[in-house]
Amino acid sequence: MAPPLTDVKTLERDKDSMRVRMELMILRAQKEICSALEKEEEVRYNSFRVDRWERKEGGGGITCIIQVGKFDVEALMSCLLLLLLLLLPLLLLLLLLLQLAHLLLLVLLLFLTTISL
């Protein structure tokens, strides 16, 4: 639908980072949802208006809007807004908590191994 918000060179350089993987996953999901909606629309109405925007405070999004057709509503697909403003910090926190839990399990295992010797 639209190019990613993050610079392509950054995406290629940081391709294994959680933030980049999430951005690309949300872009793919947005494209799949919009494509499915376009298939349901009448041929003369089957296009979305794409609005790519950025906030001066950081973050941004890609909004896809369809205004006419048998759905007869604005279908706002502001997936990247959710990603950059809400989901990403929560997912990063979850990842941090999982890593902390893993570390605690390793410490506990080491402690139990030491006691049993």
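You'll find the structure just up there.
Summarised in this report is the structure supplied together with it. Just so it is clear, the structure is predicted and the values come from calculations on it, not from any experiment.

**Considering the pairing of strand β2 (residues 60-65)**
Phase 1: Among the 6 residues of β2, 6 are classified as buried, and the element is accordingly described as predominantly covered.
Phase 2: Burial of the side chains of β2 extends over both faces: G60, I62 and C64 are buried on one face and G61, T63 and I65 on the other.
Phase 3: Relative to β2, strand β1 (residues 49-54) is paired through 6 bridges, and the arrangement is antiparallel. Each residue of the ladder has a partner; that of E54, found in β2, is G60.

**Comments concerning the pattern of salt bridges**
Phase 1: Going through the model one piece at a time under the given rule, you end up with 4 salt bridges.
Phase 2: Here E54 and R52 are joined by a salt bridge, their closest N and O atoms 3.7 Å apart.

**Here's the deal with the nonpolar core**
Phase 1: Formed by L5, L27, C34, F48, I62, C64 and I66, the largest nonpolar core amounts to 7 residues.
Phase 2: Among the elements of the structure, α2 (18-40) and β2 are those that each provide at least two residues to this core.

**A short note on the environment of L92**
Phase 1: Within the fold, L92 resides in helix α3 (residues 79-116).
Phase 2: Placed 74 residues apart in sequence, L92 and M18 show a C-alpha to C-alpha distance of 7.6 Å.

Calculation notes
- Residues numbered from 1 in each chain as written.
- Predicted model: local features only at pLDDT ≥ 70, side-chain atom pairs only at ≥ 80, totals over all residues.
- Heavy atoms only, no water.
- Buried < 20%, exposed > 50% of the residue type's maximum accessible area, 1.4 Å probe, protein only.
- Helix = DSSP H or I, 4+ residues; strand = E, 2+ residues; numbered from the N terminus.
- Pairing = 2+ DSSP bridges.
- Salt bridge = Lys/Arg side-chain N within 4 Å of Asp/Glu carboxyl O.
- Core = buried A, V, L, I, M, F, W, Y, C linked by side-chain atoms within 4.5 Å.

Remember, this is a structural readout, not a statement about activity or role.
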